[in-house]
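A closer look at the structure
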Amino acid sequence: MARVSRLAPWAGLLPFLVYLLVFLLVPTVTVVVGAFQGGHGFSTENITGLFEATALHTLWNSLVLSVSSAVVGAVLGAFLAYLVVTRPPTSLFRRTVTAVSGVLAQFGGVPLAFAFIATLGFSGVLTEALRSSFGLDIFGSGWLFGLRGLILVYSYFQIPLMVIVFLPALEGVRPQWREAAVNLGASTWQYWTRVAGPLLLPAFLGATLLLFANAFAAYATAALLVTQGNPIVPLLIRAALTSEVVLGRQNFAFALAFEMIVVVGVVMTLYTLLLRRTSRWLR
Amino acid sequence: MRADATRGSIAWRVVRAVALLAFAVFFLVPLLSMADFSTRVVGGTGRTAQPWENLVQDPMLRSSIVTSLLLALLTTVLMLVLLTPTMIWVRLRVPAASRLVEFLCLLPLTVPPLVIVVGISNVYAWVSYLLGNSPLTLTFAYVVLVLPYAYRSLDAALGSINVVTLAEAARSLGAGWTTVIVRVVLPNIWPGVTSAAFVAVALVLGEYTFASLLNFETLPYVIGLLGKSDAPTSTAASLAVLVLASLLLVALTFVGRDNRRESRRDKPSRGALT
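Residues numbered from 1 in each chain as written. Chains lettered and ligands numbered in written order. Predicted model: local features only at pLDDT ≥ 70, side-chain atom pairs only at ≥ 80, totals over all residues. Heavy atoms only, no water.

Observations concerning the overall build of chain B
- A tally of regular secondary structure across chain B gives 14 helices and zero strands.
- Ordering the α and β elements of chain B from the N terminus gives α-α-α-α-α-α-α-α-α-α-α-α-α-α.
- The contacts of chain B with a sequence gap of at least 6 include a subset with a gap of at least 24, amounting to 76%.
- Counting only carbon and sulfur atoms, one obtains 66% of the accessible surface of chain B, whose full area is about 13400 Å². (Helix = DSSP H or I, 4+ residues; strand = E, 2+ residues; numbered from the N terminus. Contact = heavy atoms within 4.5 Å. Areas by Shrake-Rupley, 256 points an atom, 1.4 Å probe, with all protein chains shown as cover.)

Notes on the overall build of chain A
- The helix and strand inventory of chain A stands at 13 helices and zero strands.
- Across chain A, helices and strands are ordered from the amino to the carboxyl terminus as α-α-α-α-α-α-α-α-α-α-α-α-α.
- By the compact-globule yardstick of 19 Å for 283 residues, chain A is too spread out, its C-alpha radius of gyration being 24 Å.
- Burial statistics for chain A: of 283 residues in total, 51% are counted as buried.
- The contacts in chain A between residues at least 6 apart in sequence include a share of 70% that link residues at least 24 apart.
- For chain A, the computed accessible surface area is about 13500 Å², with 68% contributed by carbon and sulfur atoms.
- Each charge class in chain A was averaged separately, 16 positive and 8 negative side chains, and the resulting centres sit 20 Å apart. (Rg over C-alpha atoms; globule rule 2.2 N^0.38 Å. Buried < 20%, exposed > 50% of the residue type's maximum accessible area, 1.4 Å probe, protein only. Lys, Arg positive; Asp, Glu negative; His and termini not counted. Charge placed at Lys NZ, Arg CZ, Asp CG, Glu CD.)

A word on the environment of Trp189(A)
- When you line up the elements, Trp189(A) lands in helix H10 (residues 188-217).
- Distance in space between the C-alpha atoms of Trp189(A) and Ala257(A) is 46 Å, their sequence separation being 68 residues.

Digging into unusual backbone geometry
- A positive phi is found at Asn215(B), a non-glycine position, where the angle reads about 60 degrees.
- Note that Asn215(B) resides in the loop between helix H12 (209-213) and helix H13 (219-226).

Focus on helix H4 (residues 59-92) of chain B
- Counted at 1.5 Å a residue, the expected span for H4(B) with its 34 residues is 50 Å, and the 49 Å between its end C-alpha atoms agrees.
- Near the N-terminus of H4(B), the side chain that reaches the backbone nitrogen of Met60(B), with its oxygen 3.0 Å away, is that of Asp58(B). (Expected span 1.5 Å × (residues − 1). Polar contact = N/O pair within 3.5 Å; in protein donor to acceptor, adjacent residues only side chain to side chain.)

Overview of the side chain of Thr84(B)
All names here are of chain B.
- Checked against the element boundaries, threonine 84 lands in helix H4.
- A relative accessible area of 7% means that threonine 84 is categorised as buried.
- Reaching out from threonine 84, the side chain makes a polar contact with the backbone oxygen of leucine 80 at a distance of 2.7 Å.
- Discounting chain neighbours no more than four positions away, the residues touching threonine 84 are Met79, Leu154, Leu186, Ile189 and Val193.

As for the packing of aromatic side chains
- Counting across every chain of the model gives 21 aromatic pairs over all chains.
- Aromatic rings pair up to connect Tyr82(A), Tyr191(A), Trp192(A) and Trp12(B) into one cluster.
- Over the ring of Trp177(B) we find Arg171(B), and its NZ or CZ is 4.1 Å from the ring centre. (Phe/Tyr/Trp six-rings, centres within 6.5 Å; stacked < 30°, edge-to-face > 60°. Lys NZ or Arg CZ within 6 Å of the ring centre and 35° of its normal.)

Observations concerning the interface of chain B and chain A
- Taken together, the 78 residues of chain B in the interface contact 71 residues of chain A.
- Both faces combined, the contact of chain B with chain A buries some 6500 Å², and carbon together with sulfur accounts for 80% of it.
- Linking chain B with chain A are one salt bridge.
- Taken together, the links from chain B to chain A amount to seven residue pairs in polar contact (both at pLDDT 80 or more).
- Here the side of chain B that touches chain A takes 15 residues from helix H2 (residues 10-37) of chain B, the largest share from any one element.
- For the side of chain B that touches chain A, the class distribution of residues is 55 nonpolar, 16 polar and seven charged. (Buried area = accessible area lost by both parts, 1.4 Å probe. Salt bridge = Lys/Arg side-chain N within 4 Å of Asp/Glu carboxyl O. Nonpolar A, V, L, I, M, F, W, Y, C, P; charged D, E, K, R; others polar.)

Examining the pattern of salt bridges
Residue and element names in this part refer to chain B.
- Enumeration over the complete set of coordinates arrives at four salt bridges over all chains.
- Where arginine 91 meets aspartate 155, a salt bridge forms, and the shortest distance between an N and an O atom there is 2.8 Å. You can see arginine 91 sitting in helix H4 and its partner aspartate 155 sitting in helix H8 (residues 138-159), a full 64 residues away along the chain.
- Residue classification places aspartate 155 among the partly exposed positions, given a relative accessible area of 27%.

Re the packing of helix H7 (residues 121-131) of chain B against H8(B)
Residues and elements named next belong to chain B.
- Taken N-terminus to C-terminus, the directions of H7 and H8 make an angle of 135 degrees; their axes are 10 Å apart at the nearest point. Here H7 is positioned oblique relative to H8, judged by the angle of their axes. The segment H7 lies against H8, with Tyr124, Val127 and Leu131 engaging Leu138, Phe140 and Ala141.
- Tallied by class, the residues present in the contact of H7 with H8 amount to six nonpolar, no polar and no charged. (Axes fitted to C-alpha atoms, helices over the stretch in contact; angles between N-to-C directions. Parallel < 35°, antiparallel > 145°, perpendicular 65-115°, else oblique.)

Overview of the packing of H8(B) against helix H11 (residues 190-206) of chain B
All names here are of chain B.
- Two elements in contact, H8 and H11, have axes whose closest approach is 8 Å; the angle formed by their N-to-C orientations is 155 degrees. What the angle tells us is that H8 and H11 run roughly antiparallel. By crossing handedness, the relation of H8 to H11 is classed as right-handed. Contacts between H8 and H11 pair Tyr142, Val146, Tyr149, Ala150, Ser153, Leu154 and Ala157 from the former with Gly192, Val193, Ser195, Ala196, Val199, Ala200, Leu203 and Val204 from the latter. (Left-handed = near helix turned anticlockwise from the far one by under 90°.)

Here we look at the domain arrangement of chain B
Residues and elements named next belong to chain B.
- Taken as a whole, chain B is organised into domain 1 (2-37) and domain 2 (50-273).
- Its largest share of buried area at the contact with domain 2, domain 1 owes to Leu31, Met34 and Phe37, together 89% of the area lost on that side.
- Counting across the interface, domain 1 meets domain 2 through zero residue pairs in polar contact (both at pLDDT 80 or more).
- In the side of domain 1 that touches domain 2, the residues fall into four nonpolar, no polar and no charged. (Domains from an automatic or database assignment.)

With respect to the layout of surface pockets
- Of the pockets and cavities examined, the second largest pocket occupies roughly 640 Å³.
- Residue assignment for the lining of the second largest pocket shows that the elements contributing at least two residues are helix H6 (109-120), helix H11 (220-225) and helix H12 (233-242) of chain A together with H12 and H13 of chain B.
- Ranked by the residues each element gives to the lining of the second largest pocket, the list is headed by H12(A), at four residues. (1 Å grid on protein atoms, 1.4 Å probe; cavity = no way out; pocket = protein on both sides within 12 Å on 5 of 7 lines; lining within 4 Å. Points joined across faces, edges and corners; volume = space filled by probe spheres on them.)

Set out below in structure tokens:
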């Protein structure tokens, strides 16, 4: 009797748990199991397929894209966040930047692809303006639709995301700490390298990891921008899902998706650990 | 003192102004280009509003707008019905499950949407078998996508009130559990509920991965399709979606601000209770 009454409240969680079982856990397990399945039961051919030249090169491209857009986003985003945080919280400037960052960070995807096609595409506004007034060709051979273009376009949502993620950490830095440091004779340089820097470093690294995962998993912008070839992992997954190119390896999409889980999972775990360290003083 | 001196120095002010200008150019030029691109006459001079008129005239675009708005509504309702009672229940009766619920809610951040799409075909075979092949069935997947963000807003709102004390007070006055959840706790976390709803609407209106790979004609998917034949219309639609999302999220900051003001006012009484 006692055990039944202790377990009864758990029944209230059943709808939620069943829902997530069906729409989150089953798909995830399908991917993980499918990655190790061939035509006839267990097989590692899909996983070994990940280590072939094309797949490895695609992974490398994805890593380059994620690392460079994360670093650019983190450095510039942190700087912008610092410019924002030195203004009073009620200022119009600060409110505008926070609101705009919120929109741009979450609204990458479809609009972003068209924004850059309208700006830097073959008949884009900036391309045509520079072509007609300076005779300058910034379109080149279509770099916008390759890896370099993706780095630029991804920065457009990585910087605002960094502002949103890093702003709370910067706000957590109390002016009293600086006053205390200055009272003890610290110079500005010493304050930043000995006090604020070490305090902000975990938050900064954590945010960079979040940006990395964000770029690595992003799909919509790249899918619309890149129509030729599959330079990055998400687009290779699309090809494996929709086209006939990799026929005969139906489960290859599962293997690629599994690779994605592994990369994002490792990065997000590190992020959580760093976040825990930040939250110790950020209250 | 020295801090003020650095902050106020002329060099710093110049650096600051130049940096802000650079950021403004980087972020505004693509947006202004969209406005320009969507109103210019291809191969000629002057302005046209045709791409913007297409937003309401093009039958495919129009039906996709209706689909996306319905999806936003359904997703928000289902998410709130599923998540809010569960999270209140966890706080009240099964605190032991709080870690599990948090883990599950934040899991979609670690398992990207693309991965879920790859693995969800079997589940969706059943869904379309049971409910038909309507784009509105995307609701089920979208609830999972908005879960982390909704969880955070609701968790913050629940954290700022004392759920257990409120519930005990209501229970001792004879209220049942349904009354406690719907009439006592829910009104107190209303700002959190609204902000969860706003975020859900914004995310659903912009979602592309699921819709495009499961071939359902939502607004973002149709914008993408149109881009191949009619780029100006796609650009107009993209800009419209961005503006709509901005308005939604600005509205959200107002809700959030009211929330903060209220919780600040609540603080002394909360201290007295605990």
